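Structural characterization, general
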Amino acid sequence: MNIFQFFEKAWLIDRDKVFIIEEESGRQLTYGQFRELIKRIAYKLVMVDVNAGDRVAIILPRSIDTALLFFAVSFIGAVPIILEDALTDIELKGQLDNLQPKLIISEENKDRFLKINPKRKIYNFYPSDYGDLATIIYSSGSTGESKGIMITHRTLILCGESFPYWFNLNKQDRLYTCLSLGHINALGYSLMGTVNLGAALILGSKFDGGKDFWAKMICAKATVVNMLGKMLSKLRQKANCPEEQKHKVDFIANGQAIASRDLHLELEERFNTRIVV
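This report concerns the structure included in the present document. Quick caveat, the model's predicted, so the values are computed rather than measured.

Focus: the environment of Trp11
Its place among the elements puts Trp11 in helix α1 (residues 3-13). The class for Trp11 is buried, based on a relative accessible area of 13%. Taking the C-alpha atoms as reference, Trp11 lies 9.7 Å from Gln33; in sequence the two are 22 residues apart. With residues up to four places along the chain from it excluded, the contact list for Trp11 reads Tyr31, Gly32 and Arg35.

Quick word on the packing of helix α6 (residues 153-166) against helix α7 (residues 184-197)
Each pair of packed helices can be described by the angle between their axes along with the distance between the axes. Relative to each other, α6 and α7 sit at 75°, their axes nearing to 7 Å. What the angle tells us is that α6 and α7 run roughly perpendicular. From α6, Leu156, Cys159, Gly160, Glu161, Phe163, Pro164 and Trp166 reach across to α7, where they touch Ile184, Leu187, Gly188, Tyr189, Met192, Gly193, Asn196 and Leu197.

Regarding the pairing of strand β10 (residues 224-227)
Burial along β10 is two-sided: Val224 and Asn226 and Val225 and Met227, pointing in opposite directions, are all buried. In this sheet, β10 lies alongside strand β8 (residues 174-177) in parallel orientation, the contact comprising 3 bridges. Its bridge partner being in β10, Thr177 is matched across the sheet by Asn226. The pairing of β10 with strand β11 (residues 251-254) spans 4 bridges and is classified as parallel. Among the inter-strand pairings, Val225 is bridged to a residue of β11, identified as Ile252.

Considering the sheet that holds β8
Strands sit in the order β2-β1-β9-β8-β10-β11-β12 across an open sheet of 7 strands; the sheet is mixed. If you trace the sheet from one side to the other, it starts and ends with β2 (28-30) and β12 (274-276), each paired once. Pairs of neighbouring strands in the sheet enclose a mean axial angle of 20°, with direction left out of account. The strands touched by α7 are β1 (18-22), β8, β9 (200-203) and β10; relative to β8, the strand with the most contacts, the crossing angle is about 165°.

Quick word on the nonpolar core
Grouped burial of nonpolar side chains is what soluble globular proteins tend to show. Ranked by internal contacts, the top residues of the largest apolar core, which has 84 residues, are Phe34, Leu45 and Phe71. It is helix α3 (residues 64-75) that provides the largest number of residues to this core, a total of 9 residues. Within the second largest apolar cluster, 11 residues are counted, among which are Ala57, Ile59, Leu87 and Ile136.

So, the packing of aromatic side chains
Think of a pair of aromatic rings as described by two things: how far the centres are apart, and how the planes are tilted against each other in angle. The full count for this structure, using the stated rule, is 20 aromatic pairs. The structure contains a cluster of three or more aromatic residues connected by ring pairs, namely Phe4, Phe7, Phe19, Tyr31, Phe34, Phe70, Phe71 and Phe75. Between Arg15 and the ring centre of Trp11, over which it is positioned, the NZ or CZ distance is 4.1 Å. The side chain of Arg35 reaches across the aromatic face of Trp11, ending 3.7 Å from its centre.

The rules behind these values
Residues numbered from 1 in each chain as written. Predicted model: local features only at pLDDT ≥ 70, side-chain atom pairs only at ≥ 80, totals over all residues. Heavy atoms only, no water. Helix = DSSP H or I, 4+ residues; strand = E, 2+ residues; numbered from the N terminus. Buried < 20%, exposed > 50% of the residue type's maximum accessible area, 1.4 Å probe, protein only. Contact = heavy atoms within 4.5 Å. Axes fitted to C-alpha atoms, helices over the stretch in contact; angles between N-to-C directions. Parallel < 35°, antiparallel > 145°, perpendicular 65-115°, else oblique. Pairing = 2+ DSSP bridges. Core = buried A, V, L, I, M, F, W, Y, C linked by side-chain atoms within 4.5 Å. Phe/Tyr/Trp six-rings, centres within 6.5 Å; stacked < 30°, edge-to-face > 60°. Lys NZ or Arg CZ within 6 Å of the ring centre and 35° of its normal.

Structure follows, in structure tokens:
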């Protein structure tokens, strides 16, 4: 099994269910719409000679388009790598030199692949297997030079299966992430976890220090939120607001340990949600 076939399991159950939503634009796609676009974009990739095993760098912000390109590249057996669009020129050059991609998709040329002619044929081909390379994720570089970590289809699928299992999620959940899709938390747990459940994923706007965060959670009807680093501490620094108690977030998966048990309990009480680290 590869990640496209993993996606098709959810598509077969309910192709008309909303799969992915952009918080800022309000754009959304059902499982069926997303699957059809994957295959049409894949056809365009094949037409520019992208083949199985080729590496394709995707330098775009967190969006539905980024997710579509990721799956479309993977669909033809190539290897999509999502790079942070906020990298410095030196950081980006270093990662691209390391990757040696066959194709780079960025804001400058993305429309070539994303503008779809509905009359064009749909490409049917997915040769990747469970143990094949699915993507490369670069470390933050906090302990030295950024390193490329090779991730197989097996790893992404296991992430997608384990995250909902650990926290007893179901297809009615609405997962929210404002992390880069080039990060394993967003890609493996939020995106693949959503696919495994047949649930809905909200791609949030960039975290701005917590301004209106809980109001956004209410608007998005989010039930699960994935966080990293100092995001939770920044929320704690904000003045209390009524929305902290009115949202439907059942738990926050926080990627950083909390200093003490007392503080952990304090934050759970203040934000009216479970916090798992």
